[in-house]
Amino acid sequence: MIFIRELVKAIRVTLVLWVLVAIIYPLTMVAIGQLIFPYQANGSLIKNAQGQVVGSALIGQPFTSDRYFNSRPSTTNYSTANPKNDAAGVLRTGVSGTSNLAPSNPALLERIKGQDLTRLQKAGIQPTADLVYTSGSSLDPHITKEAAIAQITRVAQARGLEPNQLERLIRQNTDGRFLGIFGEPGVNVLKLNLALDALNPTN
């Protein structure tokens, strides 16, 4: 009889805890997120001038055109490769992650010297670390202010704009340190390029 009573008590406690932590708590967190932080809770989505979602402020996208500020390189090409047709092997490490190549690794040196440095030099861009090295996640949406400034001349020439106009856009799309003390300021490339299109639409 005692065993049955304890068993019923255990089942009751389990059910109460299940309702609390598997239903009430998650739903409460979702409600708080939607009420207080709706932008962040829904993926920090960015929309263009037409109101269409074009990406997330948290995930980088590849930009290589002279008319845009280029992103930093990505080991996974920002996960845009087709898993069924991945001849370049950009998804070899998964949808997110670094190559784990040491600075002295021949494969890394070959990519930097054979592709990135040549491309940057042809465009007249002074290379910065984040324009040749990938981030830890390979999904970094930011570049440094120095990397953005280094691209001003190329973008200004391609669009027929004054450099000071682009400098102003860079300042407006630079995210500060987290809580004012953590990390370094970074320029969100997607936001910057959307602001660039709003200022000088592509033909």
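Residues numbered from 1 in each chain as written. Predicted model: local features only at pLDDT ≥ 70, side-chain atom pairs only at ≥ 80, totals over all residues. Heavy atoms only, no water.

The name an unreviewed UniProt entry assigns to the chain is Potassium-transporting ATPase KdpC subunit, from the organism Microseira wollei NIES-4236. According to the UniProt record, the Subcellular location (unreviewed entry) comment for the chain is "Cell membrane". According to the UniProt record, the Sequence similarities (unreviewed entry) comment for the chain reads "Belongs to the KdpC family." (UniProt positions renumbered as here; feature names shortened; annotations may be inferred.)

Asks: Can you walk me through the packing of aromatic side chains in this structure?
Replies: Summed over all chains, the structure comprises one aromatic pair. A cation over a ring is seen here: Arg159 above Tyr68, with NZ or CZ 4.9 Å from the ring centre. (Phe/Tyr/Trp six-rings, centres within 6.5 Å; stacked < 30°, edge-to-face > 60°. Lys NZ or Arg CZ within 6 Å of the ring centre and 35° of its normal.)

Asks: I'm lost on the side chain of Arg154 in this one. Help?
Replies: Locating Arg154 in the fold gives a position in helix α6 (residues 152-159). Only 2.5 Å separates the side chain of Arg154 from the side chain of Gln151, close enough to count as a polar contact. Residue contacts for Arg154: discarding those within four places in its chain leaves Ser65, Asp66, Arg67, Tyr68, Phe69, Asn70, Ala123 and Ile125. (Helix = DSSP H or I, 4+ residues; strand = E, 2+ residues; numbered from the N terminus. Polar contact = N/O pair within 3.5 Å; in protein donor to acceptor, adjacent residues only side chain to side chain. Contact = heavy atoms within 4.5 Å.)

Asks: When you look at the packing of helix α7 (residues 163-172) against helix α8 (residues 189-199) in this model, what are you seeing that I'm missing?
Replies: Packed helices, taken two at a time, are described by the angle their axes make and the gap between the axes. In contact at an axis separation of 9 Å, α7 and α8 are set at 140° when each is read in the N-to-C sense. The angle between the axes of α7 and α8 places the two elements in the oblique class. Note that α7 runs across α8; the crossing there is right-handed. Facing Gln165, Leu166, Leu169 and Ile170 of α7, the residues of α8 in contact are Leu192, Ala195, Leu196 and Leu199. Residues that form the contact of α7 with α8 fall into these classes: seven nonpolar, one polar and no charged. (Axes fitted to C-alpha atoms, helices over the stretch in contact; angles between N-to-C directions. Parallel < 35°, antiparallel > 145°, perpendicular 65-115°, else oblique. Left-handed = near helix turned anticlockwise from the far one by under 90°. Nonpolar A, V, L, I, M, F, W, Y, C, P; charged D, E, K, R; others polar.)

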